[in-house]
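What follows is the residue order along each chain.
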Amino acid sequence: MKAVVYDGPHQVDIRDVEDARLESPRDAIVRITSSAICGSDLHMYDGRTDIGSGAVLGHEPLGVVEEVGDAVELVKKGDRVVMPFNVACGVCYNCVRGFTNACLTVNPKQAGGAYGYAEMGPYKGAQAEYLRVPFADFACLKLPGEPGDAMEDDFVMLADIFPTGYHATELAHVKAGDSVAIFGAGPVGLLAAHSAMLKGASEVYVVDRSPARLKKAEEIGAIPVDFSKGDPVEQILEMRMNNQMIMSEKRPGEEKMPGVTCGIDAVGYQAVDWEHQDKNEPNRVINDLIRLVNPTGHIGVIGVYMPEDPGAEQPQAKQGEFPLWFGELWSKGLTVGTGQTPVKSLQFLLRDLIVSGHAKPGMIVSQDLPLTKAPDAYKEFDKRDGWTKVVLHPGMQA
Ligand SMILES: NC(=O)c1ccc[n+]([C@@H]2O[C@H](COP(=O)([O-])OP(=O)(O)OC[C@H]3O[C@@H](n4cnc5c(N)ncnc54)[C@H](O)[C@@H]3O)[C@@H](O)[C@H]2O)c1
Ligand SMILES: [Zn+2]
Ligand SMILES: [Zn+2]
């Protein structure tokens, strides 16, 4: 079968690899119809996380069941299914409590596994013609419709990015009426904005510097903030201060709450420093959120931070240490939520929002391409500008 193979920093190729095959009676083999490229794949592509050359990439799979093992009961050949990026057993101490992001049985190195990802276990990636799905009864979420229909791009967002955007709003405690600031208008930030809207947030600001991505944010209903024009925190504070509708009905002392209630970091450790825009400053976004979020507010850090980052410029960041303005965070009484998304617990509800027509996460997809175009797709998506989300389709003709 054909697959996207990692050959080292900034090098991916399409090659013939060993066919996916059943390795346990609980496995299924899924023929992939859509497989998205993720901002998390770029950490490996950029050489910041090492997966080793020869690995098959990809963790956002949608497809049709081709074959099932003898112990699989709930899914059968021909079912249209989406799988979470987390590989999870469904029965360990963490899985039964809903934390499938920290499954204890799938990865000898640490809690949590994933397809095609550095440090996340031995699972081959999903940017391929076929995928082996362990624990198929637990992993596969059945979907209505036919491959290639109008919901194909919406459904593939259920593997990671839509639950992840939604989970970011959970980490940041977003509720109806809240004011929200989201840093990063990549796929995660854009779907965090969509999720905040679905929850009824009253104001949603989205910060980035890419004109194309900020335009998408505006289409979703958010207020775009361009950090290439200066301090994004000051820009948001100024917008709120100058908004008579917001400021005219304040109660006594409320001028001490000029920022937002909920802040989301959808950037992670590859954050650009808005003061020196050719530089990476990993703690930039979290510290900006500590400045921006009001006392008693909440910060959700959905962007990835690494326990070790040998490719970092800063000596502390190499060891996974990020200096934070912790005194201010503490004195404001902010809560901070972090970590990988437990996709399974959110997938059912978000699927039903798509099917009912209330959610349209596929709107962030800018490119649908044949699998063979992966090398170009990685190159363009890595620019983090016009290509907001790329979906590869193994069945599509070049
Ligand atoms: N927690 C999880 O389970 C999970 C799942 C998927 C992705 N992620 C992570 O979420 C992050 C975002 O993913 P993505 O696919 O949207 O990635 P992406 O790289 O496409 O998008 C990141 C965006 O952040 C912008 N940015 C850079 N510095 C900024 C700054 N200082 N302020 C505001 N914006 C800034 C970039 O211009 C870019 O548009 C990545 O770290 C990814 O690994 C986490
Ligand atoms: Zn992903
Ligand atoms: Zn488990």
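If you're wondering where the values come from, they're calculated on a predicted model, not measured in any experiment.

Calculation notes
Residues numbered from 1 in each chain as written. Chains lettered and ligands numbered in written order. Predicted model: local features only at pLDDT ≥ 70, side-chain atom pairs only at ≥ 80, totals over all residues. Helix = DSSP H or I, 4+ residues; strand = E, 2+ residues; numbered from the N terminus. Rg over C-alpha atoms; globule rule 2.2 N^0.38 Å. Buried ≥ 20, exposed ≤ 12 C-beta atoms within 10 Å, placed from the backbone. Contact = placed C-beta atoms within 7 Å. Domains from an automatic or database assignment. Nonpolar A, V, L, I, M, F, W, Y, C, P; charged D, E, K, R; others polar. Near = placed C-beta within 6 Å. Axes fitted to C-alpha atoms, helices over the stretch in contact; angles between N-to-C directions. Parallel < 35°, antiparallel > 145°, perpendicular 65-115°, else oblique. Left-handed = near helix turned anticlockwise from the far one by under 90°.

Asker: Even after reading the chapter, I still don't get the overall build of the chain, so can you show me in this structure?
Answerer: For the chain, the count of helices and strands is 14 helices and 19 strands. Taking 21 Å as the expected radius of gyration for a compact globule of 398 residues, we find that the chain reaches 21 Å, a close match to that expectation. Principal axes of the C-alpha set define a box for the chain whose edges measure 65 × 45 × 45 Å. In the chain, which comprises 398 residues, the share counted as buried stands at 50%. Here the analysis covers contacts within the chain between residues at least 6 apart in sequence; of these, 70% occur between residues at least 24 apart.

Asker: I'm lost on the domain arrangement of the chain in this one. Help?
Answerer: Interface size is commonly expressed as the accessible area that is lost once the parts come together. What the domain assignment reports for the chain is domain 1 (2–160 + 342–393) and domain 2 (164–338). The gap between the C-alpha centroids of domain 1 and domain 2 is 27 Å. Each partner contributes residues to the interface: domain 1 has 20 residues there, and domain 2 has 18 residues. Among the secondary structure elements, those contributing two or more residues to the side of domain 1 that touches domain 2 are helix H1 (39–45) and helix H13 (343–355). Considered class by class, the residues forming the side of domain 1 that touches domain 2 number 7 nonpolar, 8 polar and 5 charged.

Asker: Please explain the site of ligand 1 as it appears in this structure.
Answerer: Lining the immediate surroundings of ligand 1 are 34 residues, of which Gly 39, Ser 40, Gly 184, Gly 186 and Gly 268 lie closest. Taken together, the elements giving at least two residues each to the shell around ligand 1 come down to H1, helix H6 (187–198), strand S11 (203–208) and helix H10 (284–292). Top contributing element to the shell around ligand 1 by residue count: H1, with 4 residues. Its residues assigned to classes, the shell around ligand 1 comprises 16 nonpolar, 12 polar and 6 charged. Structurally, the shell around ligand 1 is a two-domain feature, drawing no fewer than three residues from each of domain 1 (2–160 + 342–393) and domain 2 (164–338).

Asker: I keep staring at the packing of H6 against helix H7 (residues 211–220) and nothing clicks. Help me out?
Answerer: Between two packed helices, the angle of one axis relative to the other and the distance separating the axes together describe the packing. Interaxial distance between H6 and H7 falls to 10 Å at its minimum, and their mutual angle equals 10°. Here H6 lies roughly parallel to H7, going by the angle between them. In this structure, H6 contributes Leu 190, Ala 193, His 194 and Met 197 to the contact, and H7 contributes Lys 216, Ala 217 and Ile 220. Here the contact of H6 with H7 is built from residues that sort into 5 nonpolar, 1 polar and 1 charged.

Asker: Sorry if this is basic, but what is going on with the packing of helix H5 (residues 161–171) against H6 here?
Answerer: At a minimum axis separation of 7 Å, H5 and H6 run at an interaxial angle of 60°. On the basis of their axis angle, the class for H5 and H6 is oblique. The interaxial crossing formed by H5 with H6 has right-handed handedness. Facing Ile 161, Phe 162, Thr 164, Gly 165, Tyr 166, Ala 168 and Thr 169 of H5, the residues of H6 in contact are Pro 187, Val 188, Leu 191, Ala 192, His 194, Ser 195 and Ala 196. Per-class residue counts for the contact of H5 with H6 are 9 nonpolar, 5 polar and no charged.

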